[in-house]
Amino acid sequence: MAPVPSSPIKVGHIDDVQELRKAKPTTIPERFVRDMTERPTLATTLPSMSEIPIINFSSFVNGNKDDYQTESLQLARACEQWGFFQVINHGIDLSLLESIEEVAKNFFMLPLEEKQQYPMAPGTVQGYGQAFVFSEDQKLDWCNMFALGIEPHCIRNPKLWPIKPPNFSETVEVYSREVKKLCQNLLKYMSKTLGLKSDTFEEIFGVAVQAIRMNYYPPCSRPDLVLGLSPHSDGSALTVLQQGKGSSVGLQVLKDNKWVPVQPIPNALVINIGDTLEVLTNGKYKSVEHRAVTHKEKDRLSIVTFYAPSYEIELGPMPELVDENNPCKYRRYSHAEYNKHYVTNKLQVKKTVEFTKIKSNTSAE
């Protein structure tokens, strides 16, 4: 899932935010306090849920021709204009959503010394800790993470799979299989919205790469000073986010230069387009910046699945989506090379996708 750093990375002392919360410090440690330009403006009102597009997955599976057509147009609009949508009636058993949430929460509630048996080494992205930290003075996110490589099996690190909670591994396996099916089906329907064959993405992807990351955001006494997760776009093709029941509203999406909070819909999953799909569609479908904010009194749990093509392949815009009116915006590149670039740089806006753009006066940026 991630290359091993060629030289030791010095990240300095990183406080565990759950332990910080327990200690109730009078001030927030300096490494978590954001510069003025990065601090979140905490909204007093929420937009209506309808602002973030909602896709009814059952319209594709069980709907009539008109339902299918309507939902296809809605899906295309969501991918082009937002890069984010919430999917309802997705077909994943609700008891499984509850189970993965329960094991994730139970893991984070373990004593610190037990969680530290599965450490995220500096410069890597599997294990427990904080990912994407590369220096001693880098600002930290108000978040604890636990991440695992799922598929193919060669990216797994068995030493990082916990023995507690006792049903953790089995639940993650079953959940990941179901999310994989959802990703495969969504990509089929997205392919059709682009006027391509339904199996286009499946053929391109080869043996897909899949990873899971669980994020726990404890309450923070000064949510106006910190970020739960730094602004970034995802390197994946698709990202599937499950927001914990009863969690605070934390996810925000950048739309028209404004941060829009994503109000969770019960039992829905949030889907977003990653950099890889933006490149493959030559910019037609957008990978969008997003971030997480914290809450003064409520905690937040999220479970995120990243789905991407094999590391063995070369990626670039699909020829069918390049013409005189839509010149090629991105160069071809090795997916392994891109992944190394993504995981060995700190999370920062859309800097990583710039790595793939063609620099020319004639190409549209």
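Report on the accompanying structure. (Residues numbered from 1 in each chain as written. Predicted model: local features only at pLDDT ≥ 70, side-chain atom pairs only at ≥ 80, totals over all residues. Heavy atoms only, no water.)

## Focus on unusual backbone geometry
Now for step 1: Residue Pro-152 is reached from Glu-151 by a cis peptide bond, and omega for that bond is -10°.
Now for step 2: Within the secondary structure, Pro-152 sits in the loop between strand E4 (144-151) and helix H6 (168-193).
Now for step 3: Here the residue pair Lys-164 and Pro-165 is connected by a cis peptide bond, since its omega of -5° sits within 30 degrees of zero.
Now for step 4: Assignment of secondary structure puts Pro-165 in the loop between E4 and H6.
Now for step 5: A positive phi angle, close to 65°, is found at Asn-257, a residue other than glycine.
Now for step 6: Tracing the backbone through its elements, the reader meets Asn-257 in the loop between strand E8 (251-255) and strand E9 (258-261).
Now for step 7: For Asn-257, a relative accessible area of 73% puts it in the exposed group. (Helix = DSSP H or I, 4+ residues; strand = E, 2+ residues; numbered from the N terminus. Buried < 20%, exposed > 50% of the residue type's maximum accessible area, 1.4 Å probe, protein only.)

## Quick notes on the packing of helix H4 (residues 94-108) against H6
Now for step 1: The contact between H4 and H6 brings their axes to 10 Å, and the two run at 135°. As the angle between them shows, H4 and H6 are arranged oblique. Along this stretch, H4 crosses H6, giving a crossing that reads as left-handed. Residues Leu-96, Leu-97, Ser-99, Ile-100, Val-103 and Phe-107 of H4 touch H6, and the partners they reach there are Phe-168, Thr-171, Val-172, Val-174, Tyr-175 and Glu-178.
Now for step 2: Its residues assigned to classes, the contact of H4 with H6 shows nine nonpolar, two polar and one charged. (Axes fitted to C-alpha atoms, helices over the stretch in contact; angles between N-to-C directions. Parallel < 35°, antiparallel > 145°, perpendicular 65-115°, else oblique. Left-handed = near helix turned anticlockwise from the far one by under 90°. Contact = heavy atoms within 4.5 Å. Nonpolar A, V, L, I, M, F, W, Y, C, P; charged D, E, K, R; others polar.)

## Some details on helix H3 (residues 65-82)
Now for step 1: Relative to the 26 Å expected for 18 residues at 1.5 Å per residue, H3 spans 25 Å between its end C-alpha atoms, a close match to the ideal helical length.
Now for step 2: Three or more residues of H3 are buried, namely Glu-71, Ser-72, Leu-75, Ala-76, Ala-78, Cys-79 and Trp-82. (Expected span 1.5 Å × (residues − 1).)

## Quick look at the pairing of strand E12 (residues 300-308)
Now for step 1: With nine of its nine residues buried, E12 lies for the most part within the structure.
Now for step 2: The two faces of E12 match: Arg-300, Ser-302, Val-304, Phe-306 and Ala-308 on one face and Leu-301, Ile-303, Thr-305 and Tyr-307 on the other face are all buried.
Now for step 3: Looking at chain direction, strand E5 (residues 209-217) and E12 are connected through nine bridges and run antiparallel. When the sheet's bridge partners are listed, Ala-211 is paired in E12 with Phe-306.
Now for step 4: Where strand E7 (residues 238-243) meets E12, six bridges bridge the pair, whose relative direction is antiparallel. Looking at E12, one finds that Val-240 is bridged to Thr-305. (Pairing = 2+ DSSP bridges.)

## Comments concerning the packing of aromatic side chains
Now for step 1: Counted according to the given criterion, the structure contains 18 aromatic pairs.
Now for step 2: Ring centres of Phe-107 and Tyr-118 lie 6.4 Å apart, and the angle between their planes is 50°; on these two criteria the pair is classed as tilted. Of this pair, Phe-107 sits in helix H4 while Tyr-118 sits in the loop between helix H5 (112-115) and strand E3 (127-129), and the two are eleven residues apart along the sequence. Considered together, Phe-107 and Tyr-118 belong to a single accessibility category, that of buried residues.
Now for step 3: Through a chain of ring-to-ring contacts, the aromatic side chains of Phe-107, Phe-108, Tyr-118, Tyr-128, Phe-146, Phe-168 and Tyr-216 assemble into a single cluster. (Phe/Tyr/Trp six-rings, centres within 6.5 Å; stacked < 30°, edge-to-face > 60°.)

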